[in-house]
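Fold and geometry: a report
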Amino acid sequence: MSVTLRPVPASRIAVYPGTFDPMTNGHVDLVVRAAPLFERLVVGIAHNPVKGPSFGLDERIELARESLSGIPNVEVRGFHTLLAHFVREIGASVILRGLRAVSDFEYEFQLASMNRHLIPEAETMFLTPAEKFSFISSSLVREVARLGGDVSSFVPPAVQRRLLREFRR
Amino acid sequence: MVRRLLARLALACALIALGACQEAPPPPDPAANAPANAADTVAWKTYVSAVVKKLVPADQSKRIFATFLEHAASDDLKARTLENVKSFIGRGIAEGTLILFASPDSEAMAGFVEQAFADPPKPDMLKGISVIFIGKSAEQERVATALAPWGATLIFHEAN
């Protein structure tokens with residue numbers, strides 16, 4: 001069997017796209033795991049008006065920046081375009097996605113296949129968060145916060161403060 | 001004499017084989033009928049996949065985002081699936097993409113589509129995008145109404 005190796009990308013830049021509404025400890029854990037693997041890791045926050053995010057794009061960017069401020073090669077950017085365009089604009093060769101459970105797989109597999117078609121120069125890489133974060137999702141965090149529950153172990157402190165302000169009203 | 005006998009035997013065998021070929025029924029078309037058992041998810045997925053193969057040219061098959069809701073799907077599964085669909089739509093879709101919805105519970109799936117496409121942020125956001133719905137004709141109008149503000153093209157397939 002002959003194998004054709006793909007050329008090594010000039011720069012090892014990864015994009016971690018998502019809505020991050022809001023950023024959770026699961027997201028942070030994934031970024032911490034991924035950051036040493038790349039020269040630069042760009043957390044791409046999608047505008048995504050269809051999901052009706054609880055926090056505006058600027059606020060989600062600000063919260064993500066605060067939550068990830070201690071990691072030197074990580075940058076947070078918002079985007080309104082197609083992910084394919086954003087990945088090209090950044091010059092990334094990897095799209096990073098998190099897999100929390102088997103139930104995520106079918107959806108992520110479809111996205112990865114579609115992105116391979118749209119952005120053949122970029123590979124999708126899946127990482128799993130620490131087990132203790134595998135059940136956390138942004139929607140769960142919002143729901144617990146809305147009902148007045150304690151979310152301190154689910155989200156970074158900046159996000160917790162913002163959720164308290166939002167749902168105390 | 002023996003040679004003539006062998007030739008006749010060979011001819012007879014060939015005719016029998018030909019007859020057998022002609023009599024063999026054609027293989028069943030997996031897209032022809034929806035499985036009767038709504039709970040048979042494997043059969044339903046096979047059926048949906050066969051229908052899609054008929055509807056979609058092979059070169060477009062890598063651009064399908066499919067959502068299948070199994071029979072009597074739990075509320076948790078529906079909620080997670082809805083979030084995924086909304087994420088997918090909201091992040092922007094390249095022209096030529098196909099979005100597929102199918103379920104043995106056609107009515108539930110129509111309701112799901114109504115929820116997923118409830119609030120278009122701007123008109124005609126999905127122009128150039130086709131949405132395939134495999135379900136009962138009773139739901140066709142509901143689905144068409146839900147999609148209309150998005151500008152998507154509905155391809156409806158009756159699951160008989």
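For the structure itself, consult the block above.
Keep in mind that what you see is a predicted model, and the values were worked out from it rather than measured.

The subject of this paragraph is the overall build of chain B. Scanning chain B from terminus to terminus reveals 5 helices and 4 strands. Mapped from its N terminus to its C terminus, chain B presents α and β elements in the order α-α-β-α-β-α-β-α-β. Counting all 160 residues of chain B, 38% fall into the buried class. Partitioning the contacts of chain B with sequence separation of at least 6, the portion at a separation of at least 24 is 68%.

Bringing the overall build of chain A into the picture now. Looking only at helices and strands, chain A has 6 helices and 5 strands in total. Mapped in sequence order, the helices and strands of chain A form the string β-α-β-α-β-α-β-α-β-α-α. In terms of overall size, chain A behaves like a compact globule, its C-alpha atoms giving a radius of gyration of 16 Å where 169 residues would be expected to give roughly 15 Å. C-alpha extents for chain A along the principal axes are approximately 60 × 30 × 30 Å. Scored against the burial criterion, the 169 residues of chain A give a buried share of 49%. Of the roughly 8800 Å² of accessible surface on chain A, a fraction of 55% belongs to carbon and sulfur atoms. Side chains of chain A give 20 positive and 18 negative charges; the mean places of these two sets differ by 1 Å.

A word on the pattern of salt bridges. As enumerated under the stated definition, the model contains 18 salt bridges over all chains in all. Two residues, Lys45 of chain B and Glu106 of chain A, come together in a salt bridge whose shortest N-O distance is 3.7 Å. Placement of Lys45 of chain B in helix H2 (residues 41–55) and of Glu106 of chain A in helix H4 (residues 102–118) is noted, with the two residues assigned to different chains. With its nearest N and O atoms 3.7 Å apart, the salt bridge here joins Arg116 of chain A to Glu123 of chain A. Among the residues examined, Glu123 of chain A registers a relative accessible area of 32% and is labelled partly exposed.

Let us look at the packing of aromatic side chains. Aromatic rings in a pair are described by how distant their centres are and how their planes are angled relative to each other. Scanning all chains against the criterion turns up 11 aromatic pairs over all chains. An angle of 85° between the planes, with centres 5.9 Å apart, marks the rings of Tyr107 of chain A and Phe65 of chain B as edge-to-face. Of this pair, Tyr107 of chain A sits in helix H4 while Phe65 of chain B sits in strand E1 (residues 64–68), on two different chains. We classify Tyr107 of chain A as buried; its relative accessible area is 9%. Of the residues examined, Phe65 of chain B reaches a relative accessible area of 2% and is grouped as buried. The interplanar angle of 85° and the centroid separation of 5.5 Å between the aromatic rings of Trp44 of chain B and Tyr47 of chain B together place this pair among those described as edge-to-face. Taken as a pair, Trp44 of chain B and Tyr47 of chain B lie in helix H2 at a separation of 3 residues, close to a single helical turn.

A few words on the interface of chain B and chain A. Every contact between the two is made by 23 residues of chain B and, on the other side, 21 residues of chain A. Both faces combined, the contact of chain B with chain A buries some 1900 Å², and carbon together with sulfur accounts for 57% of it. Remark: the boundary between chain B and chain A carries 6 residue pairs in polar contact (both at pLDDT 80 or more). Where the side of chain B that touches chain A is concerned, the elements lending two or more residues are E1 and helix H3 (75–90) of chain B. The element contributing the most residues to the side of chain B that touches chain A is H3 of chain B, with 8 residues.

All right, on to the packing of helix H2 (residues 57–67) of chain A against helix H6 (residues 157–168) of chain A then. All names here are of chain A. Where H2 meets H6, the closest approach of the two axes is 9 Å, and the angle between their N-to-C directions is 145°. Contacts from Glu59, Leu63, Glu66 and Ser67 in H2 reach Ala158, Val159, Arg161, Arg162 and Arg165 in H6. A per-class count over the contact of H2 with H6 returns 3 nonpolar, 1 polar and 5 charged.

Residues and elements named next belong to chain A. Listing the buried residues of helix H3 (residues 83–90) in full gives Leu83, Ala84, Phe86, Val87 and Ile90. Seen from one end, H3 has its buried residues packed into an arc of 165°, which puts them on one side. The elements touched by buried residues of H3 are strand E1 (13–18), strand E2 (40–46), strand E3 (74–79), strand E4 (94–98) and H4.

Parameters at a glance
- Residues numbered from 1 in each chain as written.
- Chains lettered and ligands numbered in written order.
- Predicted model: local features only at pLDDT ≥ 70, side-chain atom pairs only at ≥ 80, totals over all residues.
- Heavy atoms only, no water.
- Helix = DSSP H or I, 4+ residues; strand = E, 2+ residues; numbered from the N terminus.
- Buried < 20%, exposed > 50% of the residue type's maximum accessible area, 1.4 Å probe, protein only.
- Contact = heavy atoms within 4.5 Å.
- Rg over C-alpha atoms; globule rule 2.2 N^0.38 Å.
- Areas by Shrake-Rupley, 256 points an atom, 1.4 Å probe, with all protein chains shown as cover.
- Lys, Arg positive; Asp, Glu negative; His and termini not counted.
- Charge placed at Lys NZ, Arg CZ, Asp CG, Glu CD.
- Salt bridge = Lys/Arg side-chain N within 4 Å of Asp/Glu carboxyl O.
- Phe/Tyr/Trp six-rings, centres within 6.5 Å; stacked < 30°, edge-to-face > 60°.
- Buried area = accessible area lost by both parts, 1.4 Å probe.
- Polar contact = N/O pair within 3.5 Å; in protein donor to acceptor, adjacent residues only side chain to side chain.
- Axes fitted to C-alpha atoms, helices over the stretch in contact; angles between N-to-C directions.
- Nonpolar A, V, L, I, M, F, W, Y, C, P; charged D, E, K, R; others polar.
- Arc of directions from axis to C-beta.

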